[in-house]
Amino acid sequence: MAATIKLEIVTPEGKAYSEDVDMVTLTSIDGEMGILPQHMPLMTQLVAGEIIAKKGSETIFLAVGEGFVQVTGDRIAILSDMAINAKDIDEAKAEEARRAAEARLAQKVTDEEAAQVQGMLARATALLNVKRRRVK
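Right, let's walk through the structure included here. Everything numeric here is computed off the predicted structure, so don't read it as measured data.

## Observations regarding the nonpolar core
Counting 20 residues, the largest nonpolar core has L7, I9, L26, I51, I76 and I78 as the members making the most contacts within it. For I78, the residues in contact, after removing those within four places along its chain, are L7, E8, I9, V10, L26, L46, I51, F68 and V69.

In structure tokens form, the structure reads like this:
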């Protein structure tokens, strides 16, 4: 049995993370799940929030946007519109983005525009939650 599983996260900007890890915790549309090496094959939708990767004694916290997750026995492939390490999050910019999205939603917008702004709000909220919870 493999002791690690390869976690690869790809965003539109490129590969955001690629390491062998011991365990990954993420939130899908079905709820929070922990993934260990040799996990059964799985394909699910990722919701904006946090990914926690454990690698030995190190724990990595990443804020992620919406996307897709594919799990095989030795690999977790994640395609997401955003993935940022907690220590790299600019809290002021994330707060500004959250406020701008909330202000835009308060205005009259089309359904398509509302969906786009709600996505922006979800990403900004994920950034703020991860930063405030994980980086002191």
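## Re helix α1 (residues 91-106)
Over its 16 residues, α1 extends 23 Å from the first C-alpha to the last, a length consistent with the 22 Å expected when each residue adds 1.5 Å. Taken together, the buried positions of α1 are occupied by A94, E95 and A101. Projected onto a plane normal to the axis of α1, the buried residues spread over an arc of 125 degrees and lie on a single side. Facing away from the buried side of α1, by more than 90 degrees, are the exposed residues A92, K93, E96, R99 and A106.

## Notes on a nonpolar patch on the surface
A cluster of nonpolar side chains, namely V10, F68 and L79, defines an oily patch on the protein surface of about 270 Å² accessible area. Structurally, the position occupied by L79 is in strand β9 (residues 75-80).

## What about the pairing of strand β4 (residues 31-35)?
Here strand β3 (residues 23-28) pairs with β4 via five bridges, running antiparallel. Within the sheet, the bridge partner assigned to S28 lies in β4 and is G31. Hairpin geometry of β3 and β4 is characterised by an intervening segment of two residues between the two adjacent antiparallel strands.

## Some words on the packing of α1 against helix α2 (residues 111-134)
Close contact between α1 and α2 brings their axes to 8 Å; oriented N to C, the two are set at 150 degrees. As summarised for this structure, α1 and α2 are arranged roughly antiparallel, according to the angle between their axes. Considering how the two elements wind past one another, α1 and α2 form a crossing that is left-handed. Seen from α1, the contacting residues are E91, A94, E95, A97, R98, A101, E102, R104 and L105; seen from α2, they are E113, A114, V117, Q118, L121, A124, T125, L127, L128, K131 and R132. Tallied by class, the residues present in the contact of α1 with α2 amount to ten nonpolar, two polar and eight charged.

Cut-off values and rules
Residues numbered from 1 in each chain as written. Predicted model: local features only at pLDDT ≥ 70, side-chain atom pairs only at ≥ 80, totals over all residues. Heavy atoms only, no water. Core = buried A, V, L, I, M, F, W, Y, C linked by side-chain atoms within 4.5 Å. Buried < 20%, exposed > 50% of the residue type's maximum accessible area, 1.4 Å probe, protein only. Contact = heavy atoms within 4.5 Å. Helix = DSSP H or I, 4+ residues; strand = E, 2+ residues; numbered from the N terminus. Expected span 1.5 Å × (residues − 1). Arc of directions from axis to C-beta. Patch = residues over 30% accessible without salt bridge, like charges linked within 9 Å, V, L, I, M, F, W, Y side chains within 5 Å. Areas by Shrake-Rupley, 256 points an atom, 1.4 Å probe, with all protein chains shown as cover. Salt bridge = Lys/Arg side-chain N within 4 Å of Asp/Glu carboxyl O. Pairing = 2+ DSSP bridges. Axes fitted to C-alpha atoms, helices over the stretch in contact; angles between N-to-C directions. Parallel < 35°, antiparallel > 145°, perpendicular 65-115°, else oblique. Left-handed = near helix turned anticlockwise from the far one by under 90°. Nonpolar A, V, L, I, M, F, W, Y, C, P; charged D, E, K, R; others polar.

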